[in-house]
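Chain by chain, the residues:
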Amino acid sequence: MIPADKVALRAEMRRIRRDLRRTTGNAPDSVASHVDQLPDAEVVAAYQAMGSELDPEPLAIALAGRGRILCLPVVVDRSAPMIFRRWSPGDPLEVDAAGCPAPLPLATSAQPDLILTPLLAFDDFGGRLGQGGGHYDRTFAVLAHAVRIGLAYAGQKVERLPMESHDVRLHGVLTEVGYTPARKAGPA
């Protein structure tokens with residue numbers, strides 16, 4: 001059961017994110033200009049933007065240009081952690097079990113060191129509000145070694161997000177204004 005405050009917050013943050021996408025046209029290129037601020041990683045998981053999510057493709061191109069191996073998440077079972085398959089911009093994609101564009105099954109499996117994740121809202125303490133399916137939290141729990149970075153518009157930041165026991169905090173967030181590492185969470 002999802003608390004009512006999270007349902008209302010998701011609806012409001014979807015509206016805000018749609019507005020930000022419409023009014024912040026160069027955000028994906030601005031995010032890519034901060035590529036060198038990201039923590040080091042050999043294998044980076046990006047995602048294919050859906051709806052008003054911040055498009056990570058310019059950042060993915062910048063990462064590939066720096067020799068990083070790229071991959072995308074794939075939902076094979078909606079109740080299981082995601083898997084990752086190698087990907088390069090322009091590779092063919094198909095829809096996975098969650099309805100998201102994903103690499104074809106013939107793509108090589110990958111184990112990311114850094115996972116870029118879309119979100120609806122974030123706070124300074126690594127809190128992340130996602131779509132509510134739990135795909136990223138389940139995956140973060142089994143890939144605890146991976147650095148977890150939210151990719152968002154700066155305007156998606158909120159003062160403090162409600163966190164539940166299954167929510168996994170981010171290590172930082174990259175926006176069009178730069179990278180911000182998460183601060184240690186104190187009492188809410």
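This is a predicted model, so every value here is computed, not measured. (Residues numbered from 1 in each chain as written. Predicted model: local features only at pLDDT ≥ 70, side-chain atom pairs only at ≥ 80, totals over all residues. Heavy atoms only, no water.)

Draft legend 1. Structural detail: the sheet that holds strand 11 (residues 178-181). Taken in spatial order, the seven strands make up an open sheet running 3-2-1-6-9-10-11, and their pairing is mixed. Edge strands, defined here as strands with exactly one partner in the open sheet, are strand 3 (83-86) and strand 11. Across the sheet, the axes of successive neighbouring strands diverge by a mean angle of 30°, strand direction being ignored. Relative to strand 10 (residues 172-175), strand 9 (residues 147-151) is paired through three bridges, and the arrangement is parallel. Looking at strand 10, one finds that glycine 150 is bridged to valine 173. Sheet strands in contact with helix 3 (residues 57-65) are strand 1 (43-45), strand 2 (69-74), strand 6 (114-117), strand 9 and strand 10, and its direction is about 140° off that of strand 2. Strands strand 2, strand 3, strand 6 and strand 9 of the sheet are contacted by helix 4 (residues 135-142), whose axis makes an angle of about 170° with strand 6. (Pairing = 2+ DSSP bridges. Helix = DSSP H or I, 4+ residues; strand = E, 2+ residues; numbered from the N terminus. Axes fitted to C-alpha atoms, helices over the stretch in contact; angles between N-to-C directions. Contact = heavy atoms within 4.5 Å.)

Draft legend 2. Region of the structure containing the pattern of salt bridges. Here the structure, examined in full by the defined rule, presents eight salt bridges. Each of Glu12, Arg15, Asp19 and Arg22 takes part in a single network of salt bridges with overlapping partners. (Salt bridge = Lys/Arg side-chain N within 4 Å of Asp/Glu carboxyl O.)

Draft legend 3. Seen up close, the nonpolar core. One finds Leu59, Leu63, Ile115 and Leu174 to be the most contacted residues of the largest nonpolar core, which totals 43 residues. The set of elements that each furnish at least two residues to this core consists of helix 2 (27-32), strand 1, helix 3, strand 2, strand 6, helix 4, strand 9 and strand 10. Per element, the largest residue contribution to this core is four residues, and it comes from helix 3. Not counting residues up to four positions away in its chain, the partners in contact with leucine 174 are Val31, His34, Leu38, Leu59, Ile149, Gly150, Leu151, Ala152 and Tyr179. By size, the runner-up hydrophobic cluster in this structure holds six residues, among which are Met13, Leu120, Ala121 and Leu129. (Core = buried A, V, L, I, M, F, W, Y, C linked by side-chain atoms within 4.5 Å. Buried < 20%, exposed > 50% of the residue type's maximum accessible area, 1.4 Å probe, protein only.)

Draft legend 4. Structural context of the environment of proline 56. Mapping proline 56 onto the fold places it in the loop between strand 1 and helix 3. The class of proline 56 is buried, set by a relative accessible area of 2%. Measuring from C-alpha to C-alpha, the distance between proline 56 and proline 28 comes to 6.4 Å, with 28 residues separating the pair along the chain. Setting aside residues up to four positions removed in sequence, proline 56 forms contacts with Tyr47, Ala49 and Leu151.

Draft legend 5. Focus on the environment of glutamine 111. Note on placement: glutamine 111 falls in the loop between strand 5 (101-103) and strand 6. A sequence separation of 17 residues divides glutamine 111 from arginine 128, and the C-alpha atoms of the two residues are 22 Å apart. Filtering out sequence-adjacent residues up to four positions away, glutamine 111 remains in contact with Val43, Leu143 and His145.

Draft legend 6. Up close: helix 3. For helix 3, the full list of buried residues reads Leu59, Ala60, Ala62 and Leu63. Buried residues of helix 3, seen end-on, are gathered within an arc of 160° and therefore sit on one face of the element. The inward-facing, buried residues of helix 3 contact helix 2, strand 1, strand 2, strand 6, strand 9 and strand 10. (Arc of directions from axis to C-beta.)

Draft legend 7. Expanded view of the state of the cysteines. Scanning the entire structure with this criterion turns up zero disulfides. Here cysteine 71 stays free of any disulfide, with the sulfur of cysteine 100 as its closest cysteine sulfur at 15 Å. Using a relative accessible area of 27% as the deciding quantity, one classes cysteine 100 as partly exposed. (Disulfide = S-S within 2.5 Å.)

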